[in-house]
Amino acid sequence: MSKASTPNHFIKAITSNDLKNGKCDYIYTRFPPEPNGYLHLGHAKSICLNFGLAADLGGKCNLRFDDTNPEKESLEYMEAIRDSVAWLGFEWDKLCHASDYYDHLYGFALELIDKGLAYVDDLNAEQMREYRGTLTDVGRDSPSRSRAPAESRDLFERMRAGEFEEGKLTLRAKIDMGSPNISMRDPIIYRIRFAHHYRAGDKWCIYPMYDFTHCISDALEGITHSLCTLEFQDNRELYDWFLANITIGENLIGEKVGGDAKPMPRQIEFGRSNLEYTVASKRKLIQLVTEGHVNGWDDPRLTTLVGLRRRGYTPASIRNFCAEIGVTKKDSTIDMAVLENAIRQDLEASAKRVFGVLKPLKLIISNYPEGESETFSVKNHPKDDSMGTRELPFSREIYIDQDDFMLEPPAEFFRLGPGREVRLRYGYAVTCNEVIEDDDGNVVELHCTYDPLSAKGKTADGRKIKGIIHWVSAAHAIDAEVRVYDRLYTEPNPGAAEDFISLINPESLQSFPSAKLEPSVLEAKPEDRFQFERVGYFCFDSVDNSEGSVVMNRTVSLRDTWAKVGKK
RNA sequence: UGGGGCGUGGCGAAGUGGUCUAACGCACCGGAUUUUGAUUCCGGCAUUCGAAGGUUCAAAUCCUUCCGCCCCAGCCA
């Protein structure tokens, strides 16, 4: 269930205050991904924050692609990101691209040059690093720093015209090589890149840097609050410097900006959240995918949004998860159980109940007439009658799960064992009389008798039957492949390890190719979600299903206090 | 060792001088209900807020010092 509004946090306090005391007339945020990879849970936090905040305070939020590095970005990524944001359930005011502003950006660069606040530098990358200084030592001025504005302007125009090769020249802001903040030591504004841009094509051979582009894009769009993660705290000084030194005049939505008019956007940083047993860095995700450790970006073991979607996570569960973890100024590590709780909560209320047996064990009811069958009318949800009922076929031969039988069960195992009685959920009580084993001693078949007077949860003599198990009629069952996922890593913080690949959980994907499901599942469509009673929540796979085949992904198990007892 | 941040129970997170022997969620531990060992319900779970001093009638909240952790030296974002 979706929460009506996001909980309070420090950014909401700041923005509400700005609204209250008239610092701004409305809230305008943006979610600014770079289209160089797929979105993951970390992005979901930012998406929910930006879109959620705007929605809560009656404002607007843009989806803006921060596409200033053509060599790493692509249309494929852009479209996947756009689709994931929409899937999460958010509507952007405008879909923008930083590349839409390349002309404006170029103009602002010229303005800085003319004002003597930017210069073309001919230091190469290595020299620039030396001149920049270190964390503890200040930098030195580049020899180009004193270049006359007119000369820089000429050089910059020729950079744009393609007269210089890559790496030869850069445009730098003239700020302070002695600043203790390294971001302020004459940062690069433009670099030469003879690269094809997925949107701008070959129009440009110079591309603006993030720090220059981002703040101006915000200002042009009329963004009031620019929310980003903690590592950009040092960049805020630069963000403010650029906006203080260019003349916007009027932004793209027609507002006067600067001076006594509309104030410049304000950057506010918040902490990242990491999920235990996962990695989120783009580099690591790309490595997992390209080296084949997982099966694509949408592998259900990944916490990419496309992976979570294929796994069966609902948009609402992810939004609730983000609301639950909060927004603060410190980085955090979230327990997997919080994510699992979010999806269980959603699916408990919304998933249709069904019977599915992952590890089938044949059970023959010897006193039930051969060739006959009957159906039980059962509820699709124990507490929600609006979800209707379905017919569940029952016959002499059924499958139960191997986990529901033990040859020598302890007293607290209230399922089936030799001589024990158990109730078939929605059906009869059966008693196990005979256990058939193969030559290797594996239990392959159970012979039972049923009590015809035990339907509807009653027994004729009033005896209580504690154990209840699920089952599927053998003659009516459909075949399915069920994929059960576990955490991708064996360590809570794989990202911190030198070799995160070696920490991959070898049992992260377990397949049950001969699972048996009740026939009603045949009507399922890709992405339909179910609860297999007593087992877990499952989602009809959206990729590997072809005509007549059923592939089910386990989203999450049911809470299992019996498994917990076993561990003690 | 320069600069910027952060430290409240196992994990998150409220709280910004008095109602704090510190909310809430997750996890955990009981117990009740239950034709899912699910769900639901009820109860328990920090005399203490990184540490030490100080201010005050009163501090998690103010001051000082110390300790720990994170980020910054891409022509990445």
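None of these values were measured; they are calculated from a predicted model. (Residues numbered from 1 in each chain as written. Chains lettered and ligands numbered in written order. Predicted model: local features only at pLDDT ≥ 70, side-chain atom pairs only at ≥ 80, totals over all residues. Heavy atoms only, no water.)

As a further point, take unusual backbone geometry. Despite not being glycine, tyrosine 277 has its phi angle at roughly 65°, a positive value. By the element assignment, tyrosine 277 lies in the loop between strand S12 (273-275) and helix H9 (282-290). By relative accessible area, tyrosine 277 is classed as buried at 15%. One non-glycine residue with positive phi stands out, namely lysine 456, at about 55°. For lysine 456, the position within the fold is in the loop between strand S22 (443-451) and strand S23 (468-469). (Helix = DSSP H or I, 4+ residues; strand = E, 2+ residues; numbered from the N terminus. Buried < 20%, exposed > 50% of the residue type's maximum accessible area, 1.4 Å probe, protein only.)

The next subject is a negative patch on the surface. A contiguous patch of negative charge, built from Asp176, Asp234, Glu237 and Asp240, is present on the exposed surface. The exposure class assigned to glutamate 237 is partly exposed, which follows from its relative accessible area of 42%. (Patch = residues over 30% accessible without salt bridge, like charges linked within 9 Å, V, L, I, M, F, W, Y side chains within 5 Å. Areas by Shrake-Rupley, 256 points an atom, 1.4 Å probe, with all protein chains shown as cover. Salt bridge = Lys/Arg side-chain N within 4 Å of Asp/Glu carboxyl O. Lys, Arg positive; Asp, Glu negative; His and termini not counted. Charge placed at Lys NZ, Arg CZ, Asp CG, Glu CD.)

This part is about the protein's contact with RNA strand B. Taken together, 66 residues lie near RNA strand B, and Phe414, Arg425, Gly457, Arg559 and Thr561 sit nearest. In this structure, leucine 135 approaches RNA strand B through a main-chain N or O atom, which is 2.8 Å from a base nitrogen. Listing elements by their share of the surface near RNA strand B, those giving two or more residues are helix H5 (125-132), strand S6 (188-192), helix H11 (315-325), strand S13 (332-334), helix H12 (336-350) and helix H13 (561-567). (Near = heavy atom within 4 Å. Polar contact = N/O pair within 3.5 Å; in protein donor to acceptor, adjacent residues only side chain to side chain.)

Attention now goes to the confidence of the model for chain A. It should be kept in mind that the predicted coordinates are not to be read in detail where pLDDT is low. Across chain A, the average pLDDT comes to 96, with 98% of residues at 70 or higher. The ipTM assigned to the predicted complex is 0.97, against a pTM of 0.96. (pLDDT = per-residue confidence, 0-100.)

Here seven strands make up an open sheet; going across it, the order is S14-S27-S28-S29-S25-S26-S15 and the pairing mixed. At either margin of the open sheet sits one strand with a lone partner, and together these are strand S14 (352-354) and strand S15 (356-357). Bridge analysis of strand S25 (residues 478-485) against strand S29 (residues 551-557) gives three bridges, and the strand direction is parallel. Bridge pairing in S29 links valine 482 to methionine 552. Against the sheet, H12 contacts S14, strand S27 (529-532), strand S28 (536-540) and S29, and its axis sits at roughly 115° relative to S29. (Pairing = 2+ DSSP bridges. Contact = heavy atoms within 4.5 Å. Axes fitted to C-alpha atoms, helices over the stretch in contact; angles between N-to-C directions.)

On to the environment of isoleucine 27. Within the secondary structure layout, isoleucine 27 lies in the loop between helix H1 (10-20) and strand S1 (28-31). Measuring from C-alpha to C-alpha, the distance between isoleucine 27 and glycine 222 comes to 9.5 Å, with 195 residues separating the pair along the chain. Setting aside chain neighbours within four positions, we find isoleucine 27 in contact with Thr15, Leu19, Leu57, Gly59, Lys60, Thr224 and His225.

We now examine the packing of H1 against helix H2 (residues 41-56). Running from N to C, H1 and H2 point in directions that differ by 40°, and their axes come no closer than 11 Å. The angle between the axes of H1 and H2 places the two elements in the oblique class. Relative to H2, H1 is oriented so that their crossing is right-handed. Residue-level inspection shows Ile11, Lys12 and Thr15 of H1 in contact with H2, the latter providing Leu49, Leu53 and Asp56. (Parallel < 35°, antiparallel > 145°, perpendicular 65-115°, else oblique. Left-handed = near helix turned anticlockwise from the far one by under 90°.)

Right, let's talk about empty space enclosed by the protein for a bit. Counted by the stated rule, this structure contains three cavities of 30 Å³ or more. Reported here for the largest cavity is a volume of approximately 50 Å³. Every residue along the wall of the largest cavity is listed here: Tyr277, Thr278, Val279, Leu285, Arg301, Leu302, Thr303, Leu488 and Tyr489. Among the residues making up the lining of the largest cavity, the classes are represented as six nonpolar, two polar and one charged. (1 Å grid on protein atoms, 1.4 Å probe; cavity = no way out; pocket = protein on both sides within 12 Å on 5 of 7 lines; lining within 4 Å. Points joined across faces, edges and corners; volume = space filled by probe spheres on them. Nonpolar A, V, L, I, M, F, W, Y, C, P; charged D, E, K, R; others polar.)

Attention now moves to the pattern of salt bridges. One pass over the full model with this rule turns up 45 salt bridges. Here arginine 172 and aspartate 121 are joined by a salt bridge, their closest N and O atoms 3.0 Å apart. Of this pair, arginine 172 sits in strand S5 (residues 170-173) while aspartate 121 sits in strand S4 (residues 118-121), placing them 51 residues apart in sequence. The two residues arginine 172 and aspartate 121 agree in class, both being buried.

For the rest of this paragraph, the subject is H5. For H5, the capping residue at the N-terminal end is asparagine 124, with a side-chain oxygen 3.1 Å from the backbone nitrogen of glutamate 126. Looking one or two residues past H5, glycine 133 carries a phi angle of roughly 85°, positive in sign.

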